[in-house]
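Tertiary structure, described
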Amino acid sequence: MKKKSFVLLTVLAAALASCQKSPDLENLDYEYLVYTQRDTTADWSAHTTYYVADSILIIGNSEDPMYWNDDEAEKLLSMITTTMDERGYTRSTTKEEADLGIQVSYISSTHFFVNYPVTPYWWWYYPGYWDPYYWGGWGYWGYGFPIYYSYSENSLLMETVDLNAPTGKDKELPVIWNAYINGDVSGHYTFDVNRMARGIGRAFEQSPYIKK
């Protein structure tokens, strides 16, 4: 993947999730908000291996793919792999050998409104966004739950896809879980990354069904 530098923007961020009311930020001890959603029909125990993309995709104003892949990004990805290992899954070295695929995105500078009641395309063709073909021979995304979100700056998005689904250009790649982490930027890079890492931990805590 192409390497580009990553800088957290010093802006205020807000999150809005469907059918959920955001708690009072003053009562959160400056921790990030964490929302999780899942496909309730997914059988997590049927999977044994997983693969995590080696970089975090940056969603911003650029028309070219950009990735966050410094040591701090690796810290966040390690939080995911460590938890998946603890939940009984084995990390695969290749996408082709994995049962589950995990992709992570960071929204750096642009406000996005995403509405998915019918259309299977994510981010309305945002240039450079994760393509189903990144994972294999699927024609488009498929979600087992409705998406209706307003995403904004300093948001981290995790998605898990089922790589055991039937392939083909007319087949959808099922997204069976996602987590949305968001909060204001303190201006201290490492501090904010640590808050994101704790947010990842809480996302898994909110999802005890993710286990072998």
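Above: the structure in question.
Counting restarts for each chain, with residues numbered from 1 along the sequence as it is written. In keeping with the predicted nature of the model, local features appear solely for residues at pLDDT of at least 70, side-chain atom pairs appear and are counted solely at 80 or more, and the whole-chain, interface and lining totals rest on all residues. Excluded from the side-chain calculation are hydrogens and water; included are all heavy atoms of the structure.

Counting from the N terminus, the helices are the DSSP runs of H or I reaching at least four residues and the strands are the DSSP runs of E reaching at least two. Looking only at helices and strands, the protein chain has three helices and 11 strands in total. Counting from the amino terminus, helix and strand elements in the protein chain follow one another as β-β-β-β-α-β-β-β-α-β-β-β-β-α. Looking at the protein chain as a whole, 52% of its 212 residues qualify as buried. With an accessible surface of roughly 10,100 Å², the protein chain has 52% of that area assigned to carbon and sulfur atoms. The cut-offs for exposure are 20% and 50% of the maximum accessible area for each residue type, with area from a 1.4 Å probe on protein chains only; residues under the lower value are buried, those over the upper are exposed, and the others partly exposed. Surface accessibility follows the Shrake-Rupley procedure with a 1.4 Å probe radius. Residue values consider only the protein chains on display as shielding.

This brings us to the environment of Leu163. Its location among the elements puts Leu163 in the loop between strand 10 (155-162) and strand 11 (168-182). Taking relative accessible area as the criterion, Leu163 reaches 9% and is therefore assigned buried. Each C-alpha atom, one on Leu163 and one on His47, is 9.5 Å from the other, the two residues being 116 residues apart in sequence.

With that settled, the discussion passes to helix 1 (residues 71-86). Taking 1.5 Å of rise per residue, 16 residues should cover 22 Å, and helix 1 covers 22 Å from first to last C-alpha, within 8% of that figure. Residues of helix 1 that are buried include every one of Glu72, Ala73, Leu76, Leu77, Ile80, Thr81, Thr83 and Met84, and no others. Definition of a polar contact: a pair of N or O atoms within 3.5 Å, with one able to donate and the other able to accept a hydrogen when the atoms are protein atoms, and with sequence-neighbouring residues admitted only if both atoms are side-chain atoms. Its side-chain oxygen placed 3.1 Å from the backbone nitrogen of Glu72, Asp70 serves as the N-cap of helix 1. A positive backbone phi angle near 100° is found at Gly88, which sits one or two residues after helix 1. Residue count minus one, scaled by 1.5 Å, sets the expected span of a helix.

Turning our attention to the pattern of salt bridges. Two side chains carrying opposite charge are able to pair once their charged atoms lie near each other. Within this document, salt bridges are pairs made up of a side-chain nitrogen of Lys or Arg and a carboxyl oxygen of Asp or Glu, the two lying within 4 Å of each other. Counting across every chain of the model gives five salt bridges. As a salt-bridge pair, Glu31 and Arg202 come within 3.9 Å of each other at their nearest N and O atoms. Residue Glu31 is found in the segment before strand 1 (33-38), and its partner Arg202 is found in helix 3 (residues 189-205); the two are separated by 171 residues along the sequence. The partly exposed category is assigned to Glu31, whose relative accessible area is 24%. On the basis of relative accessible area, Arg202 is assigned to the partly exposed category, the value being 23%.

In summary, the pairing rule links any two rings of Phe, Tyr or Trp, Trp by its six-membered ring, whose centres are within 6.5 Å, and it sorts them by plane angle into stacked for under 30 degrees, edge-to-face for over 60 and tilted for everything else. Using the criterion set out here, one finds seven aromatic pairs in the structure. When the centroid spacing of 6.3 Å and the interplanar angle of 45° are considered together, the rings of Trp44 and Tyr209 count as tilted. Here Tyr209 lies in the segment after helix 3 and Trp44 lies in the loop between strand 1 and strand 2 (49-52), a separation of 165 residues in the sequence. Here Tyr51 and Trp135 contribute two aromatic rings whose centre-to-centre distance is 6.1 Å and whose plane-to-plane angle is 80°, an arrangement assigned as edge-to-face. Residue Tyr51 is found in strand 2, and its partner Trp135 is found in helix 2 (residues 132-135); the two are separated by 84 residues along the sequence. For the pair shown, Tyr51 and Trp135 are each scored as buried.

Attention shifts here to the pairing of strand 1. Burial runs high along strand 1: five of the six residues are buried. A strand pair is defined by DSSP finding two or more bridges across the two strands. By the bridge criterion, six bridges tie strand 1 to strand 11 in an arrangement that is antiparallel. The residue bridging Leu33 from the neighbouring strand is Asn182, located in strand 11.

In this fold, Ser155 is placed in strand 10. Residue classification places Ser155 among the buried positions, given a relative accessible area of 0%. Among the polar contacts made by the side chain of Ser155, one reaches the side chain of Tyr180 at a distance of 3.3 Å. Within polar-contact distance, the side chain of Ser155 engages the side chain of Asn182 at 2.7 Å. Excluding its chain neighbours within four sequence positions, the residues that come into contact with Ser155 are Ser105, Tyr106, Ile107, Tyr180, Ile181 and Asn182. By definition, residues are in contact when any of their heavy atoms lie within 4.5 Å.

A few words on helix 3. Taking 1.5 Å of rise per residue, the 17 residues of helix 3 would be expected to cover 24 Å, and the 25 Å separating its terminal C-alpha atoms lies within 8% of that figure. Turning to helix 3, its buried residues are Asp192, Val193, Arg195, Met196, Ala197, Gly199, Ile200, Gly201, Ala203 and Phe204. Residues of helix 3 that are buried sit in contact with strand 1, strand 4 (66-68), helix 1, strand 6 (100-107), strand 10 and strand 11.

A few words on the pairing of strand 10. Here strand 10 lies mainly inside the structure; eight of its eight residues are buried. Because side chains alternate across strand 10, one face comprises the buried residues Ser155, Leu157, Glu159 and Val161, and the other comprises Leu156, Met158, Thr160 and Asp162, equally buried. Judged from the seven bridges that link them, strand 10 and strand 11 form a sheet pairing that is antiparallel. Bridging from a neighbouring strand, Met158 pairs with Ala179 of strand 11. Hairpin connection, strand 10 to strand 11: the antiparallel pair is bridged by five residues.

From the geometry alone we can't say anything about function, so treat these as descriptive.
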